Amino acid sequence: MRGVPTGLYQRRGSRFWWMTYTVQEERRFESTKTTSKEIAHKIWRHGEGELALGLFKIPWVGDRMRFGQLCDEFERSHFAGLTENTIRGHRSYMGNLKAFFGDRKLENITVSLVEAYRDERRQQPAKNKPGQTVKGATEC
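Draft legend 1. Fine view of the confidence of the model for the protein chain. Overall, the prediction assigns the protein chain a mean pLDDT of 79, with 78% of residues at 70 or greater. In the model of the protein chain, helix 1 (residues 37–53) stands out as the element of lowest mean pLDDT, 72, in contrast to helix 3 (residues 84–101), which has the highest, 92. Note on residues 58–62: pLDDT under 50 across the span, and 10 contacts to partners over four residues away in sequence or across chains.

So, in structure tokens, the structure goes:
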């Protein structure tokens, strides 16, 4: 959650509880990914607490975060508790992404640039299968 928390509700047709919040006067919606109202409320309150204490590590829109910084933040905040094989896989994916996107500012990464990355990866040879190229599931 990266904005002012405004509500918690259960969306029609969904078994999960949802949060709504406002970012720069735009209303956003996000699933708590839980069916428990009590847990959803804790998740929502946690977001309020993070906002109040200024604990967000990813800058607000307009800040000049670079792709490498985002990768470092992802590693710092998501690798704890993962198996070594999963970490190795994530690092491999991030290596491919960093090789292409370099240290660009996030605001300069466009849809067409992501599509160019995808197309370039699909042209590259598969590591374990000589004569084949990277498939869609392994483009990262």
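Draft legend 2. Looking closely at the packing of aromatic side chains. On inspection of all chains with the given rule, the structure shows six aromatic pairs. Pairing Tyr9 with Phe29 gives two aromatic rings, centres 6.5 Å apart and planes at 90°, and the pair type is edge-to-face. With Tyr9 in strand 1 (residues 4–10) and Phe29 in strand 3 (residues 26–31), this residue pair connects regions lying 20 residues apart in the sequence. Geometrically, the ring pair formed by Phe100 and Phe101 is edge-to-face, given 5.0 Å between the ring centres and 80° between the ring planes. A relative accessible area of 18% means that Phe100 is categorised as buried.

Draft legend 3. Representation of helix 3 in the model. Here helix 3 contains 18 residues, and its C-alpha end-to-end distance of 25 Å stays within 8% of the 26 Å for a straight helix at 1.5 Å per residue. All of the buried residues in helix 3 are Ile87, Met94, Leu97, Phe100 and Phe101. Summarising the axial view, the buried residues of helix 3 lie within an arc of 150°, below the 170-degree limit, and thus occupy one face. Exposed positions of helix 3 whose direction lies more than 90 degrees from the buried face are Glu84, Asn85, Arg88 and Ala99. With its phi angle positive at about 60°, Gly102 sits one or two positions after the end of helix 3.

Draft legend 4. Structural context of the nonpolar core. Phe67, Cys71, Phe79, Ile87, Met94, Leu97, Phe100, Phe101, Leu113 and Tyr117 together form the largest nonpolar core, which totals 10 residues. Counting only elements with at least two residues in this core, the list comes to helix 2 (67–78), helix 3 and helix 4 (111–123). A total of five residues in this core trace back to one element, the largest contributor, which is helix 3. With sequence-adjacent residues up to four places away left out, Phe79 is seen in contact with Phe74, Ile87, His90, Arg91 and Met94.

Scoring rules and cut-offs
Residues numbered from 1 in each chain as written. Predicted model: local features only at pLDDT ≥ 70, side-chain atom pairs only at ≥ 80, totals over all residues. Heavy atoms only, no water. pLDDT = per-residue confidence, 0-100. Helix = DSSP H or I, 4+ residues; strand = E, 2+ residues; numbered from the N terminus. Contact = heavy atoms within 4.5 Å. Phe/Tyr/Trp six-rings, centres within 6.5 Å; stacked < 30°, edge-to-face > 60°. Buried < 20%, exposed > 50% of the residue type's maximum accessible area, 1.4 Å probe, protein only. Expected span 1.5 Å × (residues − 1). Arc of directions from axis to C-beta. Core = buried A, V, L, I, M, F, W, Y, C linked by side-chain atoms within 4.5 Å.

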